[in-house]
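Reading the structure
Spelled out from the first residue to the last, the chains are:
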Amino acid sequence: MKMEAYQLSRLLLLLSFFAFSVLAPAVRAHIGDFDEVWKKRAEDARKAALDSYKENPEDVTNQFNNNVRKLLQGTNSTRRSLKRKKYRGPCLATNPIDACWRCKKHWAKNRKKLADCAMGFGHEATGGKKGEFYVVTDGTDNDMVNPKPGTLRHAVIQKEPLWIIFAKDMIIKLEQELIMAGDKTIDGRGFNVRILNGAGITIQFVRNIIIHGIHIHGIVSKEGGMIRDSVDHYGFRTQSDGDGISIFGASNIWLDHISMSNCKDGLIDIIMASTAVTISNCHFTNHNEVMLFGGDNSFSQDKIMQVTVAFNHFGRGLVQRIPRSRFGFIHVVNNQYSNWLMYAIGGSQAPTIISQGNRFSAPENLAAKEVTKRDYALPEVWKSWTWISQGDLLLNGATFTTSGDPKSKQQFTKANMIKAAPGNTVPQLTKFSGTLGCKINKPC
(Lines give C-alpha, C1' and ligand atoms only; values in the text may rest on other atoms or scores of the structure.)
Protein backbone atom coordinates (compact mmCIF):
# COMPACT_ATOMS: atom_id res chain seq x y z
CA MET A 1 0.00 0.00 0.00
CA LYS A 2 2.81 2.41 0.85
CA MET A 3 4.42 1.85 -2.57
CA GLU A 4 1.07 2.37 -4.31
CA ALA A 5 0.57 5.64 -2.43
CA TYR A 6 4.09 6.71 -3.37
CA GLN A 7 3.48 5.99 -7.05
CA LEU A 8 0.14 7.84 -7.00
CA SER A 9 1.68 10.87 -5.30
CA ARG A 10 4.55 10.91 -7.78
CA LEU A 11 2.12 10.67 -10.70
CA LEU A 12 0.18 13.65 -9.39
CA LEU A 13 3.41 15.62 -9.08
CA LEU A 14 4.38 14.73 -12.63
CA LEU A 15 1.00 15.85 -13.92
CA SER A 16 1.26 19.15 -12.07
CA PHE A 17 4.78 19.65 -13.39
CA PHE A 18 3.48 19.15 -16.93
CA ALA A 19 1.24 22.13 -16.29
CA PHE A 20 4.32 23.98 -15.03
CA SER A 21 5.98 23.56 -18.42
CA VAL A 22 3.24 25.47 -20.25
CA LEU A 23 3.00 28.39 -17.87
CA ALA A 24 4.69 31.47 -19.29
CA PRO A 25 5.19 34.81 -17.53
CA ALA A 26 5.72 33.65 -13.94
CA VAL A 27 8.02 30.77 -14.87
CA ARG A 28 10.12 33.08 -17.03
CA ALA A 29 10.48 35.76 -14.38
CA HIS A 30 13.38 38.12 -15.18
CA ILE A 31 14.43 36.02 -18.20
CA GLY A 32 13.95 38.39 -21.13
CA ASP A 33 14.53 35.70 -23.76
CA PHE A 34 13.33 32.27 -22.62
CA ASP A 35 15.45 30.53 -25.24
CA GLU A 36 16.32 26.85 -25.72
CA VAL A 37 19.08 27.05 -23.11
CA TRP A 38 16.68 28.28 -20.41
CA LYS A 39 13.99 25.82 -21.48
CA LYS A 40 16.40 22.92 -21.01
CA ARG A 41 17.53 24.26 -17.65
CA ALA A 42 13.91 24.54 -16.53
CA GLU A 43 13.16 20.99 -17.63
CA ASP A 44 16.29 19.59 -15.95
CA ALA A 45 15.40 21.52 -12.78
CA ARG A 46 11.91 20.00 -12.71
CA LYS A 47 13.36 16.50 -12.94
CA ALA A 48 15.90 17.28 -10.20
CA ALA A 49 13.16 18.63 -7.93
CA LEU A 50 11.13 15.44 -8.35
CA ASP A 51 14.21 13.36 -7.51
CA SER A 52 14.82 15.48 -4.40
CA TYR A 53 11.24 15.37 -3.11
CA LYS A 54 10.76 13.27 0.06
CA GLU A 55 7.56 11.23 0.01
CA ASN A 56 7.71 10.80 3.79
CA PRO A 57 8.89 14.15 5.16
CA GLU A 58 8.53 12.97 8.75
CA ASP A 59 11.60 10.78 8.19
CA VAL A 60 13.62 13.96 7.62
CA THR A 61 12.15 15.89 10.55
CA ASN A 62 12.54 12.96 12.92
CA GLN A 63 16.17 12.41 11.92
CA PHE A 64 16.84 16.10 12.48
CA ASN A 65 15.30 16.05 15.95
CA ASN A 66 17.17 12.86 16.88
CA ASN A 67 20.51 14.45 15.98
CA VAL A 68 19.82 17.53 18.09
CA ARG A 69 18.74 15.51 21.11
CA LYS A 70 21.86 13.34 20.90
CA LEU A 71 24.09 16.43 20.98
CA LEU A 72 22.26 17.91 23.96
CA GLN A 73 22.37 14.77 26.08
CA GLY A 74 24.45 15.39 29.17
CA THR A 75 24.72 19.17 28.67
CA ASN A 76 23.15 21.98 30.64
CA SER A 77 21.29 23.57 27.75
CA THR A 78 19.97 26.53 29.73
CA ARG A 79 23.22 27.73 31.26
CA ARG A 80 24.39 30.04 28.49
CA SER A 81 23.52 33.71 28.25
CA LEU A 82 20.65 34.84 26.05
CA LYS A 83 22.49 38.03 25.12
CA ARG A 84 24.33 38.22 21.82
CA LYS A 85 27.49 39.65 23.33
CA LYS A 86 30.64 38.66 21.51
CA TYR A 87 31.80 35.35 22.91
CA ARG A 88 35.45 35.34 24.01
CA GLY A 89 35.82 31.87 25.51
CA PRO A 90 37.11 28.65 23.93
CA CYS A 91 35.50 27.52 20.70
CA LEU A 92 32.08 25.95 21.20
CA ALA A 93 29.92 24.06 18.70
CA THR A 94 26.44 24.19 20.18
CA ASN A 95 24.31 22.42 17.58
CA PRO A 96 24.89 19.27 15.47
CA ILE A 97 25.52 21.11 12.19
CA ASP A 98 28.34 23.12 13.77
CA ALA A 99 29.64 20.15 15.75
CA CYS A 100 30.26 18.39 12.43
CA TRP A 101 33.04 20.82 11.38
CA ARG A 102 33.74 23.61 13.87
CA CYS A 103 36.41 24.11 16.55
CA LYS A 104 39.25 22.50 14.61
CA LYS A 105 42.39 24.62 14.33
CA HIS A 106 43.12 23.53 10.76
CA TRP A 107 39.56 23.82 9.42
CA ALA A 108 40.86 25.86 6.45
CA LYS A 109 42.84 22.86 5.22
CA ASN A 110 39.68 20.76 5.27
CA ARG A 111 37.07 23.27 4.11
CA LYS A 112 35.08 20.68 2.21
CA LYS A 113 34.23 18.88 5.44
CA LEU A 114 31.41 21.43 5.61
CA ALA A 115 29.68 19.64 2.72
CA ASP A 116 29.10 16.62 5.00
CA CYS A 117 27.27 18.65 7.63
CA ALA A 118 23.93 19.77 6.21
CA MET A 119 20.74 18.63 7.92
CA GLY A 120 17.05 18.83 7.15
CA PHE A 121 15.57 18.87 3.67
CA GLY A 122 18.71 20.40 2.15
CA HIS A 123 20.95 17.67 3.59
CA GLU A 124 21.96 16.32 0.18
CA ALA A 125 23.52 19.63 -0.89
CA THR A 126 27.26 19.21 -1.39
CA GLY A 127 27.92 22.33 -3.46
CA GLY A 128 31.34 22.26 -5.08
CA LYS A 129 32.73 19.40 -3.00
CA LYS A 130 33.71 17.40 -6.10
CA GLY A 131 35.48 20.34 -7.74
CA GLU A 132 38.57 22.46 -7.40
CA PHE A 133 38.98 25.58 -5.28
CA TYR A 134 38.42 28.94 -6.94
CA VAL A 135 39.94 31.91 -5.10
CA VAL A 136 38.17 35.24 -5.56
CA THR A 137 40.89 37.89 -5.62
CA ASP A 138 38.99 40.86 -7.05
CA GLY A 139 35.91 42.43 -5.43
CA THR A 140 34.85 44.44 -8.48
CA ASP A 141 31.84 43.68 -10.67
CA ASN A 142 32.22 45.81 -13.78
CA ASP A 143 31.43 43.58 -16.76
CA MET A 144 28.17 41.60 -16.83
CA VAL A 145 28.80 39.82 -20.14
CA ASN A 146 32.53 39.10 -19.87
CA PRO A 147 33.28 39.03 -16.15
CA LYS A 148 36.89 39.38 -15.16
CA PRO A 149 38.69 36.22 -13.98
CA GLY A 150 39.19 36.36 -10.23
CA THR A 151 35.81 37.98 -9.57
CA LEU A 152 32.87 36.32 -7.86
CA ARG A 153 30.76 36.68 -11.01
CA HIS A 154 33.37 34.84 -13.05
CA ALA A 155 33.51 32.06 -10.46
CA VAL A 156 29.79 31.30 -10.18
CA ILE A 157 29.14 30.92 -13.94
CA GLN A 158 31.68 28.16 -14.54
CA LYS A 159 30.31 24.80 -15.69
CA GLU A 160 32.30 22.54 -13.40
CA PRO A 161 31.78 22.11 -9.62
CA LEU A 162 33.76 24.73 -7.69
CA TRP A 163 34.43 25.52 -4.03
CA ILE A 164 34.67 29.32 -4.09
CA ILE A 165 36.75 31.04 -1.37
CA PHE A 166 38.17 34.54 -0.92
CA ALA A 167 41.71 35.90 -0.76
CA LYS A 168 40.95 38.81 1.58
CA ASP A 169 38.21 40.91 3.17
CA MET A 170 35.88 42.19 0.46
CA ILE A 171 32.90 44.45 -0.07
CA ILE A 172 31.26 43.39 -3.32
CA LYS A 173 28.67 45.67 -4.88
CA LEU A 174 26.92 43.65 -7.55
CA GLU A 175 25.92 45.80 -10.51
CA GLN A 176 23.29 43.22 -11.60
CA GLU A 177 21.90 40.04 -10.06
CA LEU A 178 24.54 37.34 -9.59
CA ILE A 179 23.24 34.28 -11.49
CA MET A 180 24.76 31.04 -10.20
CA ALA A 181 25.46 27.82 -12.06
CA GLY A 182 24.91 24.56 -10.17
CA ASP A 183 27.38 22.58 -8.06
CA LYS A 184 28.90 25.61 -6.36
CA THR A 185 29.88 26.55 -2.82
CA ILE A 186 30.41 30.18 -1.82
CA ASP A 187 32.50 29.91 1.35
CA GLY A 188 33.29 33.21 3.07
CA ARG A 189 35.09 31.72 6.08
CA GLY A 190 38.41 33.33 6.98
CA PHE A 191 37.53 36.82 5.80
CA ASN A 192 34.86 39.49 6.11
CA VAL A 193 32.94 39.14 2.84
CA ARG A 194 29.97 41.45 2.27
CA ILE A 195 27.52 41.58 -0.63
CA LEU A 196 26.49 45.18 -0.06
CA ASN A 197 24.32 47.93 -1.58
CA GLY A 198 23.92 46.30 -4.98
CA ALA A 199 22.00 43.43 -6.56
CA GLY A 200 21.43 40.07 -4.85
CA ILE A 201 22.12 36.40 -5.59
CA THR A 202 19.90 34.40 -7.97
CA ILE A 203 19.76 30.59 -7.83
CA GLN A 204 17.52 29.76 -10.80
CA PHE A 205 16.83 26.36 -12.39
CA VAL A 206 19.95 24.77 -10.87
CA ARG A 207 20.72 22.31 -8.12
CA ASN A 208 23.33 21.72 -5.45
CA ILE A 209 24.33 25.07 -3.97
CA ILE A 210 25.89 25.93 -0.59
CA ILE A 211 26.30 29.53 0.57
CA HIS A 212 28.10 29.94 3.87
CA GLY A 213 29.71 32.63 5.97
CA ILE A 214 28.93 35.89 4.17
CA HIS A 215 27.04 39.11 4.92
CA ILE A 216 24.24 40.27 2.61
CA HIS A 217 22.90 43.78 3.30
CA GLY A 218 21.28 46.68 1.50
CA ILE A 219 20.29 44.78 -1.63
CA VAL A 220 18.44 46.90 -4.20
CA SER A 221 16.47 46.32 -7.38
CA LYS A 222 18.48 46.64 -10.60
CA GLU A 223 17.21 47.60 -14.03
CA GLY A 224 18.38 44.45 -15.80
CA GLY A 225 20.21 44.11 -19.09
CA MET A 226 22.55 41.65 -20.77
CA ILE A 227 23.99 39.30 -18.13
CA ARG A 228 26.11 36.18 -18.54
CA ASP A 229 24.67 33.16 -16.72
CA SER A 230 27.20 30.52 -17.86
CA VAL A 231 30.48 30.41 -19.72
CA ASP A 232 28.68 29.78 -23.01
CA HIS A 233 25.43 31.71 -22.60
CA TYR A 234 24.20 35.19 -21.78
CA GLY A 235 20.93 36.97 -22.36
CA PHE A 236 18.64 39.81 -21.46
CA ARG A 237 17.33 40.00 -17.90
CA THR A 238 14.46 42.22 -16.86
CA GLN A 239 14.44 44.27 -13.64
CA SER A 240 15.39 42.30 -10.53
CA ASP A 241 13.21 42.42 -7.40
CA GLY A 242 15.85 43.28 -4.83
CA ASP A 243 15.86 39.97 -2.92
CA GLY A 244 18.96 39.09 -0.93
CA ILE A 245 18.84 35.48 -2.18
CA SER A 246 16.27 34.31 -4.72
CA ILE A 247 15.81 30.54 -5.06
CA PHE A 248 13.75 29.90 -8.20
CA GLY A 249 12.95 26.41 -9.49
CA ALA A 250 16.04 25.05 -7.71
CA SER A 251 16.76 22.09 -5.42
CA ASN A 252 19.34 20.85 -2.93
CA ILE A 253 20.18 24.25 -1.50
CA TRP A 254 21.83 24.97 1.87
CA LEU A 255 22.20 28.49 3.30
CA ASP A 256 24.24 28.51 6.52
CA HIS A 257 25.79 31.11 8.83
CA ILE A 258 24.72 34.09 6.73
CA SER A 259 23.98 37.53 8.23
CA MET A 260 21.24 39.38 6.33
CA SER A 261 19.34 42.65 6.66
CA ASN A 262 17.66 45.52 4.86
CA CYS A 263 16.95 44.34 1.32
CA LYS A 264 14.44 46.04 -0.99
CA ASP A 265 12.18 42.98 -1.35
CA GLY A 266 12.69 39.78 0.64
CA LEU A 267 15.79 38.55 2.41
CA ILE A 268 15.20 35.04 1.03
CA ASP A 269 12.58 33.94 -1.52
CA ILE A 270 11.99 30.26 -2.32
CA ILE A 271 9.57 30.04 -5.23
CA MET A 272 8.49 28.26 -8.42
CA ALA A 273 8.69 24.61 -7.33
CA SER A 274 11.98 24.84 -5.47
CA THR A 275 12.53 22.10 -2.91
CA ALA A 276 15.10 20.36 -0.68
CA VAL A 277 16.24 23.57 1.04
CA THR A 278 17.77 24.16 4.48
CA ILE A 279 18.25 27.61 6.03
CA SER A 280 20.34 27.26 9.19
CA ASN A 281 22.46 29.24 11.64
CA CYS A 282 21.60 32.58 10.02
CA HIS A 283 21.02 35.95 11.69
CA PHE A 284 18.31 38.22 10.30
CA THR A 285 17.65 41.84 11.34
CA ASN A 286 15.98 45.08 10.22
CA HIS A 287 13.66 43.96 7.48
CA ASN A 288 9.95 43.94 6.65
CA GLU A 289 9.07 40.86 4.57
CA VAL A 290 11.75 38.41 5.69
CA MET A 291 11.17 35.10 3.86
CA LEU A 292 8.63 34.13 1.21
CA PHE A 293 8.15 30.44 0.40
CA GLY A 294 5.87 30.15 -2.63
CA GLY A 295 5.11 33.31 -4.56
CA ASP A 296 1.77 32.74 -6.28
CA ASN A 297 -1.60 31.49 -5.01
CA SER A 298 -2.30 29.86 -8.37
CA PHE A 299 1.02 28.00 -8.64
CA SER A 300 0.09 24.68 -7.03
CA GLN A 301 3.36 23.10 -8.22
CA ASP A 302 4.83 24.59 -5.05
CA LYS A 303 3.30 21.61 -3.24
CA ILE A 304 6.64 19.95 -3.93
CA MET A 305 8.41 22.53 -1.74
CA GLN A 306 10.09 21.12 1.39
CA VAL A 307 12.12 23.50 3.56
CA THR A 308 13.91 23.29 6.91
CA VAL A 309 14.38 26.51 8.91
CA ALA A 310 16.63 25.74 11.89
CA PHE A 311 18.99 27.31 14.47
CA ASN A 312 18.42 30.82 13.13
CA HIS A 313 18.16 34.01 15.15
CA PHE A 314 15.37 36.30 14.00
CA GLY A 315 16.52 39.47 15.69
CA ARG A 316 15.66 43.13 16.01
CA GLY A 317 13.65 45.12 13.50
CA LEU A 318 11.80 42.28 11.73
CA VAL A 319 8.16 42.82 10.80
CA GLN A 320 6.56 39.77 9.16
CA ARG A 321 6.97 36.66 6.94
CA ILE A 322 9.32 34.75 9.21
CA PRO A 323 8.47 32.81 7.02
CA ARG A 324 5.26 33.18 4.97
CA SER A 325 4.41 30.08 2.95
CA ARG A 326 2.12 28.96 0.15
CA PHE A 327 1.63 25.22 -0.29
CA GLY A 328 4.60 23.04 0.64
CA PHE A 329 5.92 21.46 3.83
CA ILE A 330 7.88 23.73 6.18
CA HIS A 331 9.78 22.51 9.27
CA VAL A 332 10.50 25.47 11.56
CA VAL A 333 12.64 24.10 14.39
CA ASN A 334 14.81 25.44 17.23
CA ASN A 335 14.88 29.08 16.12
CA GLN A 336 15.16 32.19 18.27
CA TYR A 337 12.41 34.75 17.59
CA SER A 338 13.48 37.79 19.57
CA ASN A 339 10.66 39.95 18.29
CA TRP A 340 8.38 40.76 15.39
CA LEU A 341 6.15 43.74 14.65
CA MET A 342 3.13 42.11 12.92
CA TYR A 343 3.39 38.30 13.06
CA ALA A 344 6.02 35.57 12.73
CA ILE A 345 4.76 32.59 10.72
CA GLY A 346 2.17 33.11 7.99
CA GLY A 347 0.67 31.23 5.10
CA SER A 348 -2.03 30.62 2.54
CA GLN A 349 -3.02 27.81 0.20
CA ALA A 350 -2.84 25.13 2.91
CA PRO A 351 0.88 24.80 3.62
CA THR A 352 1.94 22.29 6.26
CA ILE A 353 3.75 24.10 9.09
CA ILE A 354 5.56 22.01 11.71
CA SER A 355 6.82 24.34 14.45
CA GLN A 356 8.99 22.55 17.00
CA GLY A 357 11.13 23.76 19.85
CA ASN A 358 11.22 27.43 18.88
CA ARG A 359 11.53 30.31 21.31
CA PHE A 360 8.90 32.96 20.49
CA SER A 361 9.18 36.25 22.38
CA ALA A 362 6.22 38.43 21.44
CA PRO A 363 6.38 42.22 21.04
CA GLU A 364 4.80 44.58 23.57
CA ASN A 365 2.01 45.45 21.13
CA LEU A 366 -1.08 43.61 22.37
CA ALA A 367 -2.39 43.32 18.80
CA ALA A 368 0.70 41.42 17.65
CA LYS A 369 1.05 38.67 20.26
CA GLU A 370 -0.13 35.92 17.88
CA VAL A 371 2.71 34.04 16.18
CA THR A 372 0.64 32.91 13.21
CA LYS A 373 -1.36 34.49 10.42
CA ARG A 374 -3.48 32.72 7.79
CA ASP A 375 -3.83 35.01 4.78
CA TYR A 376 -6.99 35.31 2.71
CA ALA A 377 -8.77 32.31 4.23
CA LEU A 378 -11.74 32.01 6.58
CA PRO A 379 -11.49 29.83 9.70
CA GLU A 380 -13.73 27.18 8.17
CA VAL A 381 -11.08 26.85 5.43
CA TRP A 382 -7.82 27.05 7.38
CA LYS A 383 -8.99 24.91 10.30
CA SER A 384 -8.09 21.84 8.21
CA TRP A 385 -4.54 23.03 7.46
CA THR A 386 -1.86 21.15 9.40
CA TRP A 387 -0.13 23.73 11.59
CA ILE A 388 1.46 22.04 14.59
CA SER A 389 3.24 23.60 17.57
CA GLN A 390 5.23 21.15 19.69
CA GLY A 391 7.75 22.10 22.37
CA ASP A 392 7.66 25.80 21.48
CA LEU A 393 8.42 28.29 24.26
CA LEU A 394 5.90 31.16 24.15
CA LEU A 395 7.10 34.25 26.01
CA ASN A 396 5.75 37.72 26.76
CA GLY A 397 2.19 36.69 25.99
CA ALA A 398 2.91 35.00 22.66
CA THR A 399 0.19 32.68 21.36
CA PHE A 400 0.26 30.07 18.60
CA THR A 401 -3.01 29.06 16.93
CA THR A 402 -2.72 25.48 15.73
CA SER A 403 -4.97 23.80 13.18
CA GLY A 404 -5.55 20.48 11.48
CA ASP A 405 -8.16 17.80 11.12
CA PRO A 406 -7.69 15.19 13.89
CA LYS A 407 -9.57 12.65 11.75
CA SER A 408 -7.28 13.12 8.79
CA LYS A 409 -5.41 10.10 7.46
CA GLN A 410 -2.37 12.25 6.80
CA GLN A 411 0.71 10.50 8.13
CA PHE A 412 2.30 13.51 9.78
CA THR A 413 0.67 13.91 13.20
CA LYS A 414 1.90 14.50 16.75
CA ALA A 415 1.58 10.78 17.37
CA ASN A 416 4.40 9.85 15.00
CA MET A 417 6.62 12.94 15.49
CA ILE A 418 9.85 12.61 17.40
CA LYS A 419 9.92 15.55 19.77
CA ALA A 420 12.35 18.33 19.01
CA ALA A 421 14.70 19.76 21.60
CA PRO A 422 12.46 22.09 23.63
CA GLY A 423 12.34 25.86 23.23
CA ASN A 424 14.42 26.51 26.35
CA THR A 425 17.46 25.00 24.57
CA VAL A 426 17.30 27.55 21.75
CA PRO A 427 19.69 30.12 23.30
CA GLN A 428 22.38 27.44 23.22
CA LEU A 429 21.53 26.07 19.78
CA THR A 430 21.49 29.53 18.15
CA LYS A 431 24.29 31.15 20.15
CA PHE A 432 26.61 31.47 17.15
CA SER A 433 24.07 32.27 14.44
CA GLY A 434 25.19 34.56 11.63
CA THR A 435 28.71 34.85 10.26
CA LEU A 436 31.35 33.45 12.60
CA GLY A 437 34.40 35.62 12.04
CA CYS A 438 36.62 32.59 11.39
CA LYS A 439 40.36 33.18 11.24
CA ILE A 440 42.73 30.89 9.38
CA ASN A 441 44.97 28.78 11.68
CA LYS A 442 42.61 29.34 14.62
CA PRO A 443 39.68 27.20 15.76
CA CYS A 444 36.50 28.48 14.15
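The structure reproduced in this document is the subject of the present report.

1. Describing the overall build of the chain
Scanning the chain for helices and strands turns up seven helices and 31 strands. Put simply, of all contacts in the chain between residues at least 6 apart along the chain, 69% involve residues at least 24 apart. As presented, the chain carries roughly 18100 Å² of accessible surface, and 52% of it is formed by carbon and sulfur atoms.

2. Remarks on helix H3 (residues 57-72)
For H3, which comprises 16 residues, the first-to-last C-alpha distance of 23 Å matches the rise-based estimate of 22 Å (1.5 Å per residue) to within 8%. Looking at H3, one finds that the buried residues are Pro-57, Glu-58, Val-60, Thr-61, Asn-62, Phe-64, Asn-65, Val-68 and Leu-72. The elements touched by buried residues of H3 are helix H4 (96-99), strand E20 (306-310), strand E24 (329-333), strand E27 (352-356) and helix H7 (426-429).

3. Here we look at the nonpolar core
Generally speaking, soluble globular proteins have nonpolar side chains that are buried together. The biggest cluster of nonpolar side chains holds 65 residues, and the ones touching the most others in it are Leu-152, Ile-203, Ile-211, Ile-245, Ile-279 and Phe-284. Look past the residues within four positions of Phe-284 in its chain and what remains in contact with it is Met-260, Leu-267, Ile-268, Ile-279, Met-291, Asn-312, His-313, Phe-314, Gly-315 and Leu-318. By size, the runner-up hydrophobic cluster in this structure holds 25 residues, among which are Leu-114, Ala-125, Val-333 and Cys-438.

4. Some thoughts on the pattern of salt bridges
Within the structure shown, the criterion is met by 17 salt bridges. One salt bridge in this structure joins Asp-187 and Arg-111, with 2.9 Å as the shortest N-O distance. Within this pair, whereas Asp-187 is found in strand E5 (residues 184-187), its partner Arg-111 is found in the loop between H4 and strand E1 (132-136), the two being separated by 76 residues in sequence. Judged on exposure class, the residue Asp-187 and its partner Arg-111 are both buried. Among the ionic pairs, Lys-159 bridges to Asp-232, the shortest N-O distance being 2.5 Å.

5. What about the packing of aromatic side chains?
Per the counting criterion, the structure on display carries 10 aromatic pairs. A connected cluster of aromatic rings, assembled from ring pairs, spans Phe-284, Phe-314, Tyr-337, Trp-340, Phe-360 and Phe-400. Here Arg-189 stacks its cationic end above the ring of Trp-101, 4.6 Å away from the centre of that ring. The ring of Trp-382 carries the charged tip of Arg-374 above its face, separated from the ring centre by 4.5 Å.

6. Topic: the sheet that holds E5
In spatial order, the strands read E1-E2-E5-E8-E13-E16-E20-E24-E27-E30; together these 10 strands make up an open sheet with parallel pairing. The open sheet has two edge strands with one neighbour each: E1 and strand E30 (387-390). Geometrically, the sheet is characterised by an average inter-axis angle of 10° between neighbouring strands, direction not taken into account. Bridge count between E24 and E27: five bridges; the pairing is parallel.

7. Structural notes on the environment of His-233
Here His-233 shows up in strand E11 (residues 233-237). Classification of His-233 by relative accessible area gives buried; the value is 8%. C-alpha separation for the pair His-233 and Val-145, spaced 88 residues apart in sequence, amounts to 9.1 Å. Beyond its immediate chain neighbours, meaning those up to four positions away, His-233 contacts Asp-35, Val-37, Trp-38, Arg-41 and Arg-228. Among the polar contacts made by the side chain of His-233, one reaches the side chain of Asp-35 at a distance of 2.6 Å.

8. With respect to the sheet that holds strand E4 (residues 178-179)
In spatial order, the strands read E4-E7-E12-E15-E19-E23-E26-E29; together these eight strands make up an open sheet with parallel pairing. Both outer strands of the open sheet, E4 and strand E29 (372-374), are each paired with one neighbouring strand and no more. As judged from the two bridges shared by strand E19 (residues 291-293) and strand E23 (residues 324-326), these two strands associate in the parallel manner. By the bridge assignment, Leu-292 is partnered in E23 with Arg-324.

9. A look at helix H2 (residues 36-52)
Every α-helical turn comprises 3.6 residues, leaving residues that sit three or four positions apart pointing alike. The end-to-end C-alpha separation of H2 is 24 Å, in line with the 24 Å expected for 17 residues at 1.5 Å each. Where H2 begins, the capping side chain belongs to Asp-35, and its oxygen is found 3.2 Å from the backbone nitrogen of Val-37.

10. What about the state of the cysteines?
Evaluated as defined, the whole model comprises three disulfides. Each sulfur in the disulfide pair Cys-91 and Cys-103 lies 2.1 Å from the other. Measuring the twist about the S-S bond at about -80°, one finds the Cys-91-Cys-103 disulfide to be left-handed. One end of the pair, Cys-91, is in the loop between H3 and H4; the other, Cys-103, is in the loop between H4 and E1, with 12 residues separating them in the sequence. The class of Cys-103 is partly exposed, set by a relative accessible area of 27%. The side chain of Cys-100 participates in a disulfide bridge whose partner is Cys-117; the two sulfur atoms lie 2.1 Å from each other. The S-S bond linking Cys-100 to Cys-117 shows a torsion near -75°; that makes this disulfide left-handed. Placement of Cys-100 in the loop between H4 and E1 and of Cys-117 in the loop between H4 and E1 is noted, with a sequence separation of 17 residues between them.

Cut-offs and rules
- Residues numbered from 1 in each chain as written.
- Predicted model: local features only at pLDDT ≥ 70, side-chain atom pairs only at ≥ 80, totals over all residues.
- Heavy atoms only, no water.
- Helix = DSSP H or I, 4+ residues; strand = E, 2+ residues; numbered from the N terminus.
- Contact = heavy atoms within 4.5 Å.
- Areas by Shrake-Rupley, 256 points an atom, 1.4 Å probe, with all protein chains shown as cover.
- Expected span 1.5 Å × (residues − 1).
- Buried < 20%, exposed > 50% of the residue type's maximum accessible area, 1.4 Å probe, protein only.
- Core = buried A, V, L, I, M, F, W, Y, C linked by side-chain atoms within 4.5 Å.
- Salt bridge = Lys/Arg side-chain N within 4 Å of Asp/Glu carboxyl O.
- Phe/Tyr/Trp six-rings, centres within 6.5 Å; stacked < 30°, edge-to-face > 60°.
- Lys NZ or Arg CZ within 6 Å of the ring centre and 35° of its normal.
- Pairing = 2+ DSSP bridges.
- Axes fitted to C-alpha atoms, helices over the stretch in contact; angles between N-to-C directions.
- Polar contact = N/O pair within 3.5 Å; in protein donor to acceptor, adjacent residues only side chain to side chain.
- Disulfide = S-S within 2.5 Å.

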